[in-house]
Amino acid sequence: MFTGIIEATGKIALLQKKQGDLAIRVQSPDLDMSDVKLGDSIATNGVCLTVVDKHADGFSADLSNETIDLTGFAHYTLGQTVNLEKAMQPVSRLGGHLVSGHVDGIATITAITPNARATEYWLTTDENLMKYIPYKGSVCIDGISLTVNAVEGNKFKLTIVPHTSEQTTIANFKVGTQVNLEVDQIARYLERLIKGAEQPTGADISMSLLAKAGFIK
């Protein structure tokens, strides 16, 4: 489990085909590896990867074909900069929101507009994912916990402050850039629980149904 608060950035030092999928090595002198063990998880651009080898300046991991198909790793290249976050500990501050590292799909940057010292980014994604992206809700973009500031059809807007741009890969985003998207877990689980309770349509959702599902008393 992660928080979406980026600890460091790194660069892809190896992308190697290996028996039908990929092996990856990430170099990051700024990521503290002293408490990382083999088998630990590190979110890499929001993708939960298992450490299979540990190095003084980074780590190695394996990528399954499912991960390659669902994420931006399909078009990543050597030297590309990625956001990194080690798995949270029970005593960690939850500075962002709960992030699983299980990417739901891809979003594409469609517009970038300055707004005072901040920058506004409009993104589009699959309509099936937009139902989990509400105004003022949380999304995880390339591993970064961000707040949704507007929603229109299959588009949503993010407002990025200078600190976030400076500490992450967002400064490299351009119109057309594809990013990894993980929607808010609560929205996804809420839908599943409600469907499991009564298989309702949208019109069937009521206070009594939410109480039956355990969300209110």
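Every chain is numbered on its own, with residues counted from 1 as its sequence reads. For a predicted model such as this one, the threshold for reporting local features is a pLDDT of at least 70, and the threshold for listing and counting side-chain atom pairs is 80 or more; totals across whole chains, interfaces and linings nevertheless cover every residue. Note that the side-chain values use all heavy atoms of the structure and ignore hydrogens as well as water.

### Considering the sheet that holds strand β7 (residues 105–115)
- A pair of strands is treated as paired once DSSP finds two or more bridges between them. Strands are runs of DSSP state E lasting at least 2 residues, helices are runs of H or I lasting at least 4, and numbering of each runs from the N terminus. Reading around the circumference, β7-β8-β11-β10-β9-β12 is the order of the 6 strands in this closed barrel, with antiparallel pairing throughout. For this sheet, the mean inter-axis angle between neighbouring strands, taken without regard to orientation, is 45°.
- Sheet topology places strand β10 (residues 144–152) next to strand β11 (residues 155–160); 4 bridges connect them, and they run antiparallel. The residue of β11 that forms the bridge with Val-151 is Phe-156. An axis is simply a line fitted to the C-alpha atoms; with a helix, the fit covers only the stretch in contact. Between two such axes, the angle follows the N-to-C directions and lies from 0 to 180 degrees.

### Section: the UniProt feature "domain: Lumazine-binding" (unreviewed entry) in the protein chain
- UniProt positions are given in the numbering used here, feature names are shortened, and annotations may be inferred rather than shown by experiment. Taking the numbering used here, the UniProt-annotated feature "domain: Lumazine-binding" (unreviewed entry) corresponds to residues 1–97 and 98–194.
- Between the end C-alpha atoms of residues 98–194 the distance is 21 Å, and the span holds 21% helix and 44% strand.

### Side note on unusual backbone geometry
- The backbone of Asn-45 sits at a positive phi, close to 55°, despite the residue not being glycine.
- In this fold, Asn-45 is placed in the loop between β3 (41–44) and β4 (47–55).
- Note on Asn-45: relative accessible area 2%, which makes it buried. Between buried and exposed lies partly exposed: a residue is buried under 20% and exposed over 50% of the maximum accessible area for its type, with that area taken using a 1.4 Å probe on protein chains only.

### Re the pattern of salt bridges
- By convention in these notes, a salt bridge is any Lys or Arg side-chain nitrogen within 4 Å of a carboxyl oxygen on Asp or Glu. Counted by the stated rule, this structure contains 6 salt bridges.
- In this structure, Asp-35 engages Lys-86 in a salt bridge whose closest nitrogen and oxygen atoms are separated by 2.9 Å. Here Lys-86 lies in strand β6 (residues 81–86) and Asp-35 lies in the loop between β2 (21–27) and β3, a separation of 51 residues in the sequence.
- Looking at Lys-86, the relative accessible area reads 12%, which means it is buried.
- For Lys-155, the salt bridge is made with Glu-152, and the minimal N-O distance between the two is 4.0 Å.
- According to the relative accessible area criterion, Lys-155 is partly exposed, its value standing at 30%.

### Focus on the side chain of Lys-157
- Here Lys-157 lies in strand β11.
- You can call Lys-157 buried: its relative accessible area is 15%.

### Overview of the packing of aromatic side chains
- Think of it this way: a Phe, Tyr or Trp ring, Trp meaning its six-membered ring, pairs with another when their centres are within 6.5 Å, and the plane angle makes it stacked under 30 degrees, edge-to-face over 60, tilted otherwise. One pass over the full model with this rule turns up 2 aromatic pairs.
- An angle of 55° between the planes, with centres 4.6 Å apart, marks the rings of Phe-73 and Tyr-76 as tilted.
- You can call Phe-73 buried: its relative accessible area is 2%.
- Ring centres 6.2 Å apart and planes at 90° place the aromatic pair Tyr-121 and Phe-173 in the edge-to-face group. Remark: Phe-173 occurs in the loop between α3 (162–167) and β12 (178–183) and Tyr-121 occurs in strand β8 (residues 118–124); sequence separation between them is 52 residues.
- Overall, the relative accessible area of 6% leaves Tyr-121 in the buried class.

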